[in-house]
Amino acid sequence: QLQFVESGGGLVQPGGSLRLSCVASGLGFDYYGIGWFRQAPGKEHEGVSCISSSDGNTYYANSVKGRFTISRDNAKNTVYLQMNGLKPEDTAVYYCAAQTPDCSGYVGDMWGQGTQVTVSS
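Below: a short report on this structure. Treat the numbers as computed from the prediction; the structure is a model and nothing was measured. (Residues numbered from 1 in each chain as written. Predicted model: local features only at pLDDT ≥ 70, side-chain atom pairs only at ≥ 80, totals over all residues. Heavy atoms only, no water.)

**A word on the state of the cysteines**
In the structure shown here, the tally under the stated rule is two disulfides. The disulfide bridge from cysteine 22 ends at cysteine 96, spanning 2.0 Å between sulfur atoms. In this structure, the disulfide formed by cysteine 22 and cysteine 96 twists by about 80 degrees around the S-S bond and is classed as right-handed. One end of the pair, cysteine 22, is in strand 3 (residues 18–26); the other, cysteine 96, is in strand 9 (residues 92–99), and 74 residues separate them in sequence. The pair cysteine 22 / cysteine 96 is uniform in exposure class, with both members buried. Across the disulfide, cysteine 50 is cross-linked to cysteine 103 (sulfur-sulfur distance 2.1 Å). Handedness here is read from the sign of the S-S torsion; for cysteine 50 and cysteine 103, about -80 degrees, the answer is left-handed. Residue cysteine 50 is located in strand 5 (residues 46–51), and its partner cysteine 103 is located in the loop between strand 9 and strand 10 (106–111); the two are separated by 53 residues in the primary sequence. Using a relative accessible area of 6% as the deciding quantity, one classes cysteine 50 as buried. In the protein, the bonded cysteines, numbered by position in the sequence, are linked as 1-3, 2-4. (Disulfide = S-S within 2.5 Å. Helix = DSSP H or I, 4+ residues; strand = E, 2+ residues; numbered from the N terminus. Buried < 20%, exposed > 50% of the residue type's maximum accessible area, 1.4 Å probe, protein only.)

**Regarding the nonpolar core**
Counting 29 residues, the largest nonpolar core has Phe4, Ile34, Trp36, Leu81 and Tyr94 as its most contacted members. Residue assignment for this core shows that the elements contributing at least two residues are strand 1 (2–7), strand 3, strand 4 (33–39), strand 5, strand 7 (68–73), strand 8 (78–83), strand 9 and strand 11 (115–119). (Core = buried A, V, L, I, M, F, W, Y, C linked by side-chain atoms within 4.5 Å.)

**Side note on the pattern of salt bridges**
Close approach of charged atoms allows side chains of opposite charge to pair. This model, assessed by the stated rule, comprises three salt bridges. Here arginine 38 and glutamate 46 are joined by a salt bridge, their closest N and O atoms 2.9 Å apart. Since its relative accessible area comes to 29%, glutamate 46 is described here as partly exposed. In this structure, aspartate 90 engages arginine 67 in a salt bridge whose closest nitrogen and oxygen atoms are separated by 2.8 Å. (Salt bridge = Lys/Arg side-chain N within 4 Å of Asp/Glu carboxyl O.)

Shown next as structure tokens:
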């Protein structure tokens, strides 16, 4: 069972960058894929990106492909989301969550509490 703490959100201008961090505690971090999700007010949860547990395969929503980069540092139990070229429509609360090793689905109820990203001029 893992617990996650997200950080790195904030207010940024369109075209700006942020790096989000997701720090995990508990057992089994190396065996999980880790995904980033977001939710804007009045909208459903949206999958943003995921990184697999071993191969390092990465997955991105079409809306962020080419702008966001996910990475992980297993020694630090941390997953990052580098966000470049931010757009107002990226505004949301960003969450990380445990996924199956190949990022095919959720595992249990392992979510963080989220970090707010606001993109506005």
